[in-house]
Amino acid sequence: MDALKLMPLVSRLTDLMPKTVKDAPCHEVVDKNGTLDSLPILKCWPKDGGRFITLPNVHTRDPETGARNLGMYRMQVYDRLTTGMHWQVHKVGARHGKLYYERKERMPVAVTIGGDPAYTFAATAPLPDGLDEILFAGFLRKKSVELVKCLTNDLEVPADVDFVLEGYVQPGEMRPEGPFGDHTGFYTAIEEYPVFHLTAISHRREAVYPTTIVGIPPMEDFYVGSASVRIFLPVFKMNFPELVDMTLPPQGVFHNLVITQIKKEYAGQGQKVMNAMWGAGQMMFNKILVLTDEGDEKLHHGKLDI
């Protein structure tokens, strides 16, 4: 009987699965000789290393399992056909890249810009490892995502995006990336990152190029991150049953200061929670983690009374 009760949910999830189509708005204009000069890419701050695509949705695929990943990694423009690909070593995109490097194969990459905002949110959401961001985007908008195959590689991208940048990352090729005026309010240092090579550009006829200015907080990333905390709090509670609530105030530049309320039941429980949280995704960047028990009334629904 319990299984039968779940049937409507299974049917609903099936309806939200991504679907492949042949014709797509993002292919209304195709230019296999296109260059990055055709896009209004911004240089945000005086000491930035160059112009940066700051709101890209980067599509990659595991060469062994075929599992896809959607992430957001800034892209510094080097010239008309190449950019940096700022995926840090712990990111899924970098993990996929490592597999291609080991196989000595060129890694196909597709970058989409614009389209349904659900794609951008899904790309930044702290999803459990292995959960398909495209499926999650369909769940958010209560409508399955239509995908279309790229023109110069085998990846699939949402059909309704504004721009598609197709290309590849060559194993072992690295270039200096940065400085970049980051969301901490400071410039990040120059480091070596993989290089993205452009092979084609396609876009809508009336395409809109969305971007964001990254810089002195609070900026857009803080508000998107705050929404993620509220939406994914039930998921956090699955991993940390004692968790009552948490907040990441703007005073701590979002991830640098985390205040967490737990239901304390035994000595040392706070240390157990802290060590577990520091190993959870972006929490590895946390500088200060404050734990309080249920007796502290300053924390209410993600708002800190200071």
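The model shown is predicted, which means the values in this text are computed figures rather than measured ones.

Observations regarding the overall build of the protein chain
Working step 1: Of regular secondary structure, the protein chain possesses 6 helices and 19 strands.
Working step 2: Here the C-alpha radius of gyration of the protein chain, 21 Å, is about what a compact globule of 306 residues would show, namely 19 Å.
Working step 3: Dimensions of the protein chain, computed from the C-alpha atoms along their principal axes, are close to 65 × 60 × 40 Å.
Working step 4: Out of the 306 residues in the protein chain, the part that is buried amounts to 46%.
Working step 5: Long-range contacts, defined here as pairs at least 24 residues apart, represent 69% of the contacts in the protein chain between residues at least 6 apart.
Working step 6: When the accessible surface of the protein chain is split by element, carbon and sulfur atoms take 58% of a total near 16000 Å².
Working step 7: Across the protein chain, 33 positive and 38 negative side-chain charges occur, with their mean positions spaced 1 Å apart.

Some points on unusual backbone geometry
Working step 1: Going from glycine 178 to proline 179, the amide bond is cis rather than trans, its omega being -5 degrees.
Working step 2: Of note, proline 179 is situated in the loop between strand 11 (163-177) and strand 12 (180-181).
Working step 3: In this structure, lysine 104 takes a positive phi of about 55 degrees despite not being glycine.
Working step 4: With respect to the helices and strands, the residue lysine 104 is situated in the loop between helix 2 (92-103) and strand 8 (107-113).

What to know about empty space enclosed by the protein
Working step 1: A complete count under the given rule lists 1 cavity of 30 Å³ or more for this structure.
Working step 2: Here the largest cavity defines a volume of roughly 50 Å³.
Working step 3: Taken together, His183, Pro217, Pro218, Met219, Asp221, Phe222, Pro250, Val253 and Phe254 make up the full set of residues lining the largest cavity.
Working step 4: Here the residues of the lining of the largest cavity are counted per class, giving 7 nonpolar, 1 polar and 1 charged.

Points about the environment of phenylalanine 136
Working step 1: On the secondary structure map, phenylalanine 136 appears in helix 4 (residues 133-141).
Working step 2: Residue classification places phenylalanine 136 among the buried positions, given a relative accessible area of 11%.
Working step 3: With 18 residues separating them along the chain, phenylalanine 136 and alanine 118 place their C-alpha atoms 8.6 Å apart.
Working step 4: Leave out the neighbours within four places in its chain, and phenylalanine 136 touches Phe121, Ala122, Ala125, Leu127 and Phe232.

Some thoughts on the sheet that holds strand 10 (residues 156-158)
Working step 1: In spatial order, the strands read 1-9-10; together these 3 strands make up an open sheet with mixed pairing. This sheet does not close on itself; its edge strands, each paired only once, are strand 1 (19-20) and strand 10.

Conventions and cut-offs
Residues numbered from 1 in each chain as written. Predicted model: local features only at pLDDT ≥ 70, side-chain atom pairs only at ≥ 80, totals over all residues. Heavy atoms only, no water. Helix = DSSP H or I, 4+ residues; strand = E, 2+ residues; numbered from the N terminus. Rg over C-alpha atoms; globule rule 2.2 N^0.38 Å. Buried < 20%, exposed > 50% of the residue type's maximum accessible area, 1.4 Å probe, protein only. Contact = heavy atoms within 4.5 Å. Areas by Shrake-Rupley, 256 points an atom, 1.4 Å probe, with all protein chains shown as cover. Lys, Arg positive; Asp, Glu negative; His and termini not counted. Charge placed at Lys NZ, Arg CZ, Asp CG, Glu CD. 1 Å grid on protein atoms, 1.4 Å probe; cavity = no way out; pocket = protein on both sides within 12 Å on 5 of 7 lines; lining within 4 Å. Points joined across faces, edges and corners; volume = space filled by probe spheres on them. Nonpolar A, V, L, I, M, F, W, Y, C, P; charged D, E, K, R; others polar. Pairing = 2+ DSSP bridges.

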